[in-house]
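Commentary on secondary and tertiary structure
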Amino acid sequence: FPLLPKAYIVTKKAIMAANLRITCIVLAVLCCVLASATIQQESPRTVRPGDNSWDYMLLVVEWIGSACIGPGVPKTCVVPTNINDFTMHGLWPERNDNSWPSFCDNDDPVDVNQVSDLLPQMKIDWYDAYDPVNGTSFWAHEWDKHGTCAKSDPKLADQHAFFKAVLELRSQGNHLSESDQLVHRAKQHH
C-alpha cells in the first residue's frame, strides 16, 4: 500500500461497512418485492352494492405519525405533539369472503351534536390529522362509510352508540404502552 495516496487506502473495516450497507439495501428491496407479491396474491376486497350484511367488525388503529406521510396527503395534515400512541382509524363491518358493505344509509349524515359528550375523548383517541381545526371530516367519513352499515347491530344503532363503542374498544388497550413494555423486557434480557 505505500504506493497509493492515503485517499485510496481502504481498510478492511470500511469494506465490511460497505458490504453491510449493500446487504441492507438488497434486503430492503427484497422485502418490498415480497410484500408486493403477497399483497397481489391476496383475494381482492370487493363491495357488493345493495348488500348491507356483515359477519364481523374490524377495529382499525393507526400510528398518528404515519397519517401525514404519502401521496395525496392534504397540506393541512397536522400530527400533534401531544398524541404519542396509536389512534383510531375506525370500526369496519366486514364479511368472511373478504368483502364489506359501505355507505349503507345516505339519509343519515353525521351529526356532531349527537356525540358532543364524546368529542373531548374523540379529539385525542380518534384524532383527525386532515382537519385539525374542526376535527369532524374524518369522523363523518367513517360514519358515512362504515357506521351506517354497523347500525344494523342494535348495540351500534345510532351515531352516539357507534362512536362510543369505538372509544370503549380503544380504551381496552394501550398499544404503545404494550410495545414499550415488550421492548423494555427485551432490553432487560440482554
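Attention in this report is confined to the structure presented alongside it. Keep in mind that this is a model prediction, so the values were computed, not measured. (Residues numbered from 1 in each chain as written. Predicted model: local features only at pLDDT ≥ 70, side-chain atom pairs only at ≥ 80, totals over all residues. Heavy atoms only, no water.)

Considering helix H4 (residues 159-171)
Applied cut-off: Going along the chain from the N terminus, every DSSP run of H or I of four or more residues is numbered as a helix, and every run of E of two or more is numbered as a strand. Expected span of a helix, by definition, is 1.5 Å for each gap between consecutive residues, and there is one gap fewer than residues. Here's how the labels work: a residue is buried when its accessible area is under 20% of the maximum for its type, exposed when over 50%, partly exposed in between, all with a 1.4 Å probe on protein chains only. Two residues qualify as a contact provided that any one of their heavy atoms is within 4.5 Å of a heavy atom in the partner residue. Contacts described as polar in this section are N or O atom pairs within 3.5 Å, which, within protein, must combine one atom able to donate a hydrogen with one able to accept it, while residues neighboring in sequence count only if both atoms come from side chains.
Counted at 1.5 Å a residue, the expected span for H4 with its 13 residues is 18 Å, and the 18 Å between its end C-alpha atoms agrees. Turning to H4, its buried residues number three or more, namely Gln 159, Ala 161, Phe 162, Phe 163, Ala 165, Val 166, Leu 167 and Arg 170. In this structure, the buried residues of H4 make contact with strand S3 (86-94), helix H2 (119-125) and helix H3 (137-150). Put simply, Asp 158 is the residue that caps the front of H4, since its side-chain oxygen is 3.1 Å from the backbone nitrogen of His 160.

Quick notes on the nonpolar core
For soluble globular proteins, nonpolar side chains are generally found buried alongside one another. Which entries qualify depends on this criterion: We define the nonpolar core as a collection of buried residues of types Ala, Val, Leu, Ile, Met, Phe, Trp, Tyr and Cys that are connected through side-chain atoms lying within 4.5 Å of one another.
Counting 17 residues, the largest nonpolar core has Met 122, Trp 126, Phe 162 and Phe 163 as the members making the most contacts within it. At the level of elements, S3, H2, H3 and H4 are the ones that each hand at least two residues to this core. The greatest single-element share of this core, amounting to five residues, is contributed by H4. Cys 77, Ile 83, Tyr 127 and Ala 129 belong to the second largest nonpolar core, which has six residues in total.

Points about the pattern of salt bridges
Here is the rule we go by: Salt bridges are defined as contacts in which a side-chain nitrogen from Lys or Arg sits within 4 Å of a carboxyl oxygen from Asp or Glu.
The full count for this structure, using the stated rule, is four salt bridges. Across the salt bridge formed by Arg 95 and Asp 51, the nearest N and O atoms sit 3.7 Å from each other. With Arg 95 in the loop between S3 and strand S4 (99-100) and Asp 51 in the loop between strand S1 (46-47) and strand S2 (56-63), this residue pair connects regions lying 44 residues apart in the sequence. In this structure, Glu 168 and Lys 164 form a salt bridge, with 4.0 Å as the shortest nitrogen-oxygen distance. Of this pair, Glu 168 and Lys 164 both sit in helix H4, four residues apart, roughly one helical turn. On the basis of relative accessibility, which here comes to 42%, the residue Glu 168 falls in the partly exposed class. Using a relative accessible area of 38% as the deciding quantity, one classes Lys 164 as partly exposed. One salt-bridge network, in which partners are shared between bridges, spans Asp 105, Asp 108 and Lys 151.

What to know about the state of the cysteines
So the rule is basically this: Any cysteine sulfur atom paired with another within 2.5 Å is treated as part of a disulfide.
Enumeration over the complete set of coordinates arrives at one disulfide. The disulfide partner of Cys 104 is Cys 149, and the gap between their sulfur atoms is 1.9 Å. Residues Cys 104 and Cys 149 are joined through a disulfide that is right-handed, its torsion about the S-S bond being 95°. Of this pair, Cys 104 sits in the loop between S4 and H2 while Cys 149 sits in helix H3; the two residues are 45 residues apart in sequence, bridging distant segments of the chain. Of the two residues examined, Cys 104 and Cys 149, each falls in the buried class.

As for H3
Formally: Here the bend at a residue is taken as the angle between two axes, fitted respectively to the seven residues that end there and the seven that start there.
In this model, H3 (14 residues) spans 19 Å end to end at C-alpha, consistent with the 20 Å of a helix rising 1.5 Å per residue. Of all bends in H3, the biggest is about 45°, found at Asp 144. Taken across its 14 residues, H3 has ten buried, putting it largely inside the fold. Residues Phe 138, Trp 139, Ala 140, Glu 142, Trp 143, His 146, Gly 147, Thr 148, Cys 149 and Ala 150 constitute the buried set of H3.

A short note on the environment of Lys 145
Inspection of the secondary structure puts Lys 145 in helix H3. Of the residues examined, Lys 145 reaches a relative accessible area of 23% and is grouped as partly exposed. As for Lys 145 and Phe 103, which are separated by 42 residues in sequence, their C-alpha atoms are 4.3 Å apart. Among all residues touching Lys 145, those that are not within four sequence positions of it are Trp 100, Pro 101, Ser 102 and Phe 103.

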